[in-house]
Amino acid sequence: MSDNRKYTDSGIEIKKLYAANSQSYTPPAEEPGEVPFTRGIQPDMYRGKLWTMRQYAGFSTAEESNNRYHYLLSQGVNGLSVAFDLPTQIGYDSDHLLAEGEVGKVGVAIDTIDDMQTLFNGIKLEDVSTSMTINATGFILLSLYVALAKQQGTDLKKLNGTIQNDILKEYAARGTYIYPPRPSMRIITDIFEWCSLELPKWNTISISGYHIREAGSTAVQEVAFTLSNGKAYVKAALAKGLDINVFGKRLSFFFNAHNNLFEEVAKFRAARRMWSKIMKDLGATDPKAMMLRFHTQTGGSTLTAQQPLNNISRVTIQTMAAVLGGTQSLHTNGYDEALSLPTEEAAKIALRTQQIVAFESGTPDTADPLGGSYYVEALTNEVENAAWKLIEKIDAMGGSVSAIEQGFIQNEIARSAYEYQQKVESGEKIIVGVNKFHAEEESPIPILKIDDSIRQKQIEQLKQFKQNRNHPKVDSLLQQLNDKAASGENLMPAVIESVENHVTLGEIADELRAVFGEYK
């Protein structure tokens, strides 16, 4: 630009210099650990306890994924994070026609309680915190996990983990939905209700900005759309008569970390402050119900297939952004993930990146290390102000569900993605190794390939599984599920009983398709 002005990707103008008398500079009055939590949710942040280091993993068969989990645990991971294949995500068993070509490809195939047993073979569920990235079928996977925990003799009150369970962002950004928005919201509030009684330490939802950002949103849109979706879930739970001070403590969030270090830190700080206000306005009085606790994953869409080793530097910057911004848990991407699922070597380097930041960088030694920076405080305020304007627009439409039904959120994300791509193609936005600093020759890196024969193996196991079960019992349980879906009764007990009695994931999803219909 001829006037030499600079902007963040959210369109926030960056001044040449920030000072104490800048119009937008106002440092927060509160200390870390105090409402509204701008500076972090704990008084001592990582001096008390480091963030949970998770590595998102799941591919091929349950056996293969189990081997990767044992490897990651041996390397210092302290939380598991399960990736499921597309058929599992959209409620199809591996033998379904629509599963062809997708079984085990982007995650692990889980059709049955037997698959779940294999996935966690040799791992005591009460000893690990497990995050499951699953939405439309989140209630079925949680039921399978609970059934396995019961088999292991685990006290369910001690079971610790998270299901993503955020269906609104699927309609807005990602696409792995099954049922229409309103029955989907009903299933989510069933989970809230059941877990508040039976699984008090379980995070019942991870309200996700990650995929909104992956679809092309800006940092400001990521905050605004995520918090709007969170507000919709809280209102749905309140309408069901649930106590905001109880279920509010079990809500968690999932954000992306991109390359603009300062805008990302400002985004995390602004999001905490905004969520505290939203929850207070909705009636929360317990500070713990006003806390925004979040997991971060480094930006998948920022990784390049060209010069893939450059991605190690990108992931390092994003790791620093998440830690400086006060994340509670973190997954770092492998440098090869623009090409394939990560190899064991790439997964190890990704984990080592977190460990180097934790133990060598000095970043975790003090709470909110960038707090008080003229630039970061001004940017935090700018991100917050811009995000509130978007939330006000969504509220005027009747909230997130209505805004999604009207296509507003989808269109806003698409517009931002298009504008960003235009800047890359024109060279206004430089991506190292892509539109500048090309390499003449690149040595190929090894990639992980998933064999198509995996589907046949899953189909054979499924056939055997179905032969060895009580068929009248299965029919009776599916009818019970149908009845409860129609009557509005909480579905969780019926789903848990079903998976314990060898009903498959696809059969449960299909039974509910018959009641709720499918979203097109």
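Now for a quick tour of the structure. Along each chain, numbering runs from 1 in the same order as the chain's sequence is written. Predicted model: local features are reported for residues with pLDDT of at least 70 only, side-chain atom pairs are reported and counted for 80 or more only, and whole-chain, interface and lining totals are derived from all residues. As a rule here, side-chain values cover all heavy atoms of the structure and leave hydrogens and water aside.

**A short note on the packing of aromatic side chains**
Heads up, the condition is: Any Phe, Tyr or Trp ring, taking Trp's six-membered ring, that has another such ring centre within 6.5 Å forms a pair; planes under 30 degrees apart are called stacked, those over 60 apart edge-to-face, and the others tilted. In this description a helix means any DSSP run of H or I spanning at least four residues, a strand means any run of E spanning at least two, and both kinds are numbered starting from the N terminus. In this scheme, a residue with accessible area under 20% of its type's maximum is buried, one over 50% is exposed, and one in between is partly exposed, where area comes from a 1.4 Å probe on protein chains only.
Using the criterion set out here, one finds 18 aromatic pairs in the structure. Aromatic side chains Tyr177 and Tyr519 sit 5.0 Å apart centroid to centroid with 85 degrees between the ring planes, which places their arrangement in the edge-to-face category. Residue Tyr177 is found in the loop between α5 (168-174) and α6 (181-198), and its partner Tyr519 is found in the segment after α19 (505-516); the two are separated by 342 residues along the sequence. Using a relative accessible area of 25% as the deciding quantity, one classes Tyr177 as partly exposed. Of the residues examined, Tyr519 reaches a relative accessible area of 25% and is grouped as partly exposed. Each ring, one from Phe253 and one from Phe255, has its centre 6.2 Å from the other, and the planes form 10 degrees; the classification is stacked. Neither residue differs from the other here; Phe253 and Phe255 are each classed as buried. Among the aromatic residues, those joined into a cluster by ring pairs are Phe253, Phe255, Phe268, Trp275 and Phe294.

**Digging into the pattern of salt bridges**
The criterion, for reference: The term salt bridge refers to a side-chain nitrogen of Lys or Arg lying within 4 Å of a carboxyl oxygen of Asp or Glu.
Applying the stated criterion to the full structure yields 28 salt bridges. Between Arg174 and Glu170 there is a salt bridge, and its shortest N-O distance comes to 3.1 Å. One end of the pair is Arg174 and the other is Glu170, both in helix α5 and four residues apart, which spans about a single turn. Given a relative accessible area of 1%, Glu170 falls into the buried group. With its nearest N and O atoms 2.3 Å apart, the salt bridge here joins Lys240 to Asp190. Pair noted here: Lys240 is in the loop between α8 (219-239) and α9 (244-247) and Asp190 is in helix α6, with a separation of 50 residues, a long-range link. When its relative accessible area of 30% is taken as the criterion, Lys240 is described as partly exposed. Its relative accessible area of 1% is what places Asp190 among the buried residues. A single salt-bridge network, built from bridges that share partners, covers Arg39, Arg269, Asp368 and Glu377.

**Here we look at the side chain of Arg273**
We apply this condition: By definition, residues are in contact when any of their heavy atoms lie within 4.5 Å.
You can see Arg273 is positioned in helix α10 (residues 261-281). On the basis of relative accessible area, Arg273 is assigned to the buried category, the value being 13%. Sequence-distant contacts of Arg273, that is, excluding residues within four places in its chain, are made with Pro28, Pro36, Thr38, Thr380, Asn381 and Glu384.

**Thoughts on the sheet that holds strand β8 (residues 205-208)**
In plain terms, the rule: Two strands pair under a simple rule: DSSP has to find at least two bridges between them. Angles shown run from 0 to 180 degrees and are taken between the N-to-C directions of axes, each axis being a line fitted to C-alpha atoms and, for helices, limited to the stretch in contact.
The parallel open sheet is built from nine strands, whose spatial order is β7-β6-β5-β4-β3-β11-β10-β9-β8. Of all strands in the sheet, those bounded by a partner on one side alone are β7 (202-203) and β8. Direction of pairing for strand β4 (residues 79-83) relative to strand β5 (residues 129-133): parallel, over a ladder of four bridges. When the sheet's bridge partners are listed, Ala83 is paired in β5 with Thr133. Of the strands in this sheet, β9 (251-257), β10 (294-298) and β11 (329-331) touch helix α11 (residues 310-324), which is tilted by about 165 degrees from β10. Across the face of the sheet, helix α12 (residues 344-360) comes into contact with β3 (52-57) and β11 while running at roughly 170 degrees to β3.

**Looking at the environment of Leu227**
Relative to the elements of secondary structure, Leu227 occurs in helix α8. A relative accessible area of 0% means that Leu227 is categorised as buried. C-alpha of Leu227 to C-alpha of Asn203: the two residues are 24 residues apart in sequence and 17 Å apart in space. For Leu227, the contacting residues outside a window of four places in its chain are Phe253, Ala271, Met274, Trp275, Ile278, Leu292 and Ile391.

**Focus: the environment of Thr380**
Among the secondary structure elements, Thr380 is positioned in helix α13 (residues 374-396). In this structure Thr380 comes out as buried when scored by relative accessible area, which is 0%. Separated by 35 residues in sequence, Thr380 and Arg415 have C-alpha atoms that sit 24 Å apart. Residues in contact with Thr380, not counting those within four places in the same chain, are Thr38, Ala266, Arg269, Ala270 and Arg273.

What is shown is where atoms sit, not what they do.
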